[in-house]
Amino acid sequence: MEMTEVTGVSLKRGSLAVEGNDSMAPAEEAKRQKVLDSCLPTGQDGLEHGSPPTSGHVPGPPEAVNAGQGKKNSDVQLEEEEEDGLSEEAEEEEEAESFADMMKHGLTELDVGITKFVSSHQGFSGILKERYSDFVVHEIGKDGRISHLDDLSVPVDEEDPSEDVFTVLTAEEKQRLEELQLFKNKETSVAIEVVEDTKEKRTVIHQAIKSLFPGLETKTEDREGKKYIVAYHAAGKKALANPRKHSWPKSRGSYCHFVLYKENKDTMDAINVLSKYLRVKPNIFSYMGTKDKRAITVQEIAVLKISAQRLAHLNKCLMNFKLGNFSYQKNPLKLGELQGNHFTVVLRNITGTDDQVQQAMNSLKEIGFINYYGMQRFGTTAVPTYQVGRAILQNSWTEVMDLILKPRSGAEKGYLVKCREEWAKSKDPAAALRKLPVKRCVEGQLLRGLSKYGMKNIVSAFGIIPRNNRLMYIHSYQSYVWNNMVSKRIEEYGLKPVPGDLVLKGVSEAYREMLTADNLDIDNMRHKIRDYSLSGAYRKIIIRPQNVSWEVVAYDDPKIPLFNTDVDNLEGKPPPVFASEGKYRALKMDFSLPPSTYATMAIREVLKMDTSIKNQTQLNTTWLR
């Protein structure tokens, strides 16, 4: 087997979309989510960018970076951690030249240990466009079926209220009820006059308040000869997080499962949006895996005691979302239950000949690719996330604080830049915090912690950051170690199994040498803080994608879609028709991957190119214009 080094294959354009476990790519589209005024909760116009995950269904701590492993070629494994949550990276659109200039300070694959290929074919150029619509991810459920959105109908249920519940309340009444529900004013109740009083009309108003504003109860009162529906809190602030038990039919499963189709939104952002519109806490949602922003993704979601009727109504309110395939089940979904993800990816304007494409795709199908952690794991600025993780493991808390807060080169939002500048100047957490309009980002949370606990208690201040976000840094360091170790192992031994693949023998000195250089002891990865103590697990070195298929198509217009999405099919759009010849050629790829693997690494093996944003912008910055 020939092992080839990374080569500087030039791309015409460089934007890489992401798969279900990857993070952000640059140059966000100007397309923003739009909503109808009648559906948007008053005073809540969407999410703060950079908000941390708030769902209770998040992965636990990773397992360690201890030893290697191995069996057959495709089963050769090294140790790994569990799949982690989302990366909190900057998402703001930048001017093309400014972004390209900033990314000159970013990371390359070499910086994070990604150096080898396993195939011998000649690489070629192609564009994985900055348009997220060229990258589609379908979740593969625990039963092995690929999730598709193909049914928007609502299960017939006599227990559901009439559709009038969505229109019977005025905008002003909805605002008052929402303020009452969220304890935003001093009122203990809200009274709504029943105009054109009938029993049916009162029933609809009762149903509307209880279904649209969880936590509120209602009663009918006579006041000076007029009927009023009075809304009030039933069980204090806990009611918002705990849907009323008595309002849910006993014959119906407690969880409504549905397929969520989303465009250009990561899973947590999507759930936060849904929870705001439904006026519930995000932690009543569950899912099997997170899907990131730069893609069209389709996955199963479950929600506690929210009816399919109410969920389906959101299809009238939200753009870039579709909900369907509703069913009622007894149980929620659990993180990690999925079997993987199926990808449909278009590489546009390819330069490879038909023979080169055939060789590359056959190699991907038969040999596979190195199971590196992709560039998205390590951040987009000059301070990679693995450095923070290493400092945590070293108990170097002053360094942790400085790495997170210090000024750095790279793609960042303007207010973060100002916050960092203030921190560098004054070292005053309160002053730096005032520069942040969005205080739920990691930097804002750390500054809030420093304001509360003081500069001499950085551990407690850091602990304010949600656990999933804190562990992200350690995951990143583990990924950094694993990438370097797998590159070294393949360089020395190829794909054959060797002693030391399953236990710390043979290649153990490489682990020991790397961790010793980082002032860490591989024989003692226990940490004073339990969350940061590391044990051991395995990760496959080589992944062979399943259900691999491909075709080369010709096209003239670079903006036209080259395949139909689930929504296109629901709307009856005919599939695109391709001519035998065209100005451009594209490679359309389909393949399935297990969880915690990176589709960008599979594409890297096909094209034989460095997938880092830094490399692509240096090769050709004009693609960002």
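Residues numbered from 1 in each chain as written. Predicted model: local features only at pLDDT ≥ 70, side-chain atom pairs only at ≥ 80, totals over all residues. Heavy atoms only, no water.

The protein is annotated in an unreviewed UniProt entry as Pseudouridine synthase 7 from Canis lupus familiaris. Here the protein is described in UniProt, under the heading Sequence similarities (unreviewed entry), as follows: "Belongs to the pseudouridine synthase TruD family." (UniProt positions renumbered as here; feature names shortened; annotations may be inferred.)

1. Side note on the overall build of the protein
Per the secondary structure count, the protein includes 17 helices and 17 strands. Burial analysis of the protein (625 residues in total) assigns 57% to the buried set. Summed over all atoms, the accessible surface of the protein reaches about 26400 Å², with 47% contributed by carbon and sulfur. (Helix = DSSP H or I, 4+ residues; strand = E, 2+ residues; numbered from the N terminus. Buried < 20%, exposed > 50% of the residue type's maximum accessible area, 1.4 Å probe, protein only. Areas by Shrake-Rupley, 256 points an atom, 1.4 Å probe, with all protein chains shown as cover.)

2. Some words on the state of the cysteines
This structure, assessed with the given rule, holds 0 disulfides. Free cysteine Cys 419: the closest other cysteine sulfur is in Cys 441, separated by 7.1 Å. (Disulfide = S-S within 2.5 Å.)

3. Notes on the confidence of the model for the protein
With 76% of its residues at a pLDDT of 70 or more, the protein shows a mean pLDDT of 77. Below pLDDT 50 for its whole length, residues 42–97 participates in 228 contacts with residues either more than four positions away or in separate chains. Counting interchain partners and residues more than four positions distant, the pLDDT-below-50 stretch residues 619–625 has 22 contacts. (pLDDT = per-residue confidence, 0-100. Contact = heavy atoms within 4.5 Å.)

4. Some details on the pattern of salt bridges
Inspection of the entire model under this criterion finds 19 salt bridges. One salt bridge in this structure joins Glu 221 and Arg 223, with 3.0 Å as the shortest N-O distance. Exposure remark for Arg 223: the relative accessible area of 35% places this residue in the partly exposed category. Note that Asp 354 is salt-bridged to Arg 585, the shortest N-O span being 2.8 Å. With Asp 354 in helix 6 (residues 354–366) and Arg 585 in strand 17 (residues 584–593), this residue pair connects regions lying 231 residues apart in the sequence. Classification of Arg 585 as partly exposed rests on a relative accessible area of 25%. Taken together, the salt bridges that share partners define one network made up of Lys 219, Glu 221 and Arg 223. (Salt bridge = Lys/Arg side-chain N within 4 Å of Asp/Glu carboxyl O.)

5. Re the side chain of Arg 377
On the secondary structure map, Arg 377 appears in the loop between strand 13 (369–370) and helix 7 (385–393). Within polar-contact distance, the side chain of Arg 377 engages the side chain of Tyr 598 at 3.3 Å. (Polar contact = N/O pair within 3.5 Å; in protein donor to acceptor, adjacent residues only side chain to side chain.)

6. Some thoughts on helix 2 (residues 171–181)
Listed in full, the buried residues belonging to helix 2 are Glu 173, Lys 174, Leu 177, Glu 178, Leu 180 and Gln 181. Buried residues along helix 2 cover an arc of 160° about the axis, so they all sit on one side. Looking at the buried positions of helix 2, the neighbouring elements they touch are strand 5 (189–193), helix 3 (199–212), strand 6 (216–223) and strand 7 (226–233). In the segment just after helix 2, Phe 183 is the residue with positive phi, at about 55°. (Arc of directions from axis to C-beta.)

7. Remarks on the packing of helix 7 against helix 13 (residues 467–493)
Where helix 7 contacts helix 13, the two axes come as close as 7 Å, and the packing angle between them is 100°. Classified by the interaxial angle, the pair formed by helix 7 and helix 13 is roughly perpendicular. Every residue of helix 13 that contacts helix 7 at Thr 385, Tyr 386, Val 388, Gly 389, Arg 390, Ile 392 and Leu 393 is listed here: Arg 470, Tyr 473, Ile 474, Ser 476, Tyr 477 and Tyr 480. Of the residues assigned to the contact of helix 7 with helix 13, the class counts are 8 nonpolar, 3 polar and 2 charged. (Axes fitted to C-alpha atoms, helices over the stretch in contact; angles between N-to-C directions. Parallel < 35°, antiparallel > 145°, perpendicular 65-115°, else oblique. Nonpolar A, V, L, I, M, F, W, Y, C, P; charged D, E, K, R; others polar.)

8. A closer look at the packing of aromatic side chains
With the rule as written, the count across this model stands at 11 aromatic pairs. For the ring pair Phe 135 and Phe 343, a centre distance of 6.0 Å and an interplane angle of 75° mean the geometry is edge-to-face. Here Phe 135 is found in strand 4 (residues 135–140), whereas its partner Phe 343 is found in strand 12 (residues 340–347), with 208 residues between them in sequence. The burial state of Phe 135 is the same as that of Phe 343; both residues are buried. In this structure an aromatic cluster arises from ring pairing among Phe 378, Tyr 386, Tyr 477 and Tyr 480. In this structure, Arg 252 is placed above the aromatic ring of Tyr 328, and the distance from its NZ or CZ to the ring centre is 4.6 Å. Positioned over the ring face of Phe 117 is Lys 608, at 5.5 Å from the centre of the ring. (Phe/Tyr/Trp six-rings, centres within 6.5 Å; stacked < 30°, edge-to-face > 60°. Lys NZ or Arg CZ within 6 Å of the ring centre and 35° of its normal.)

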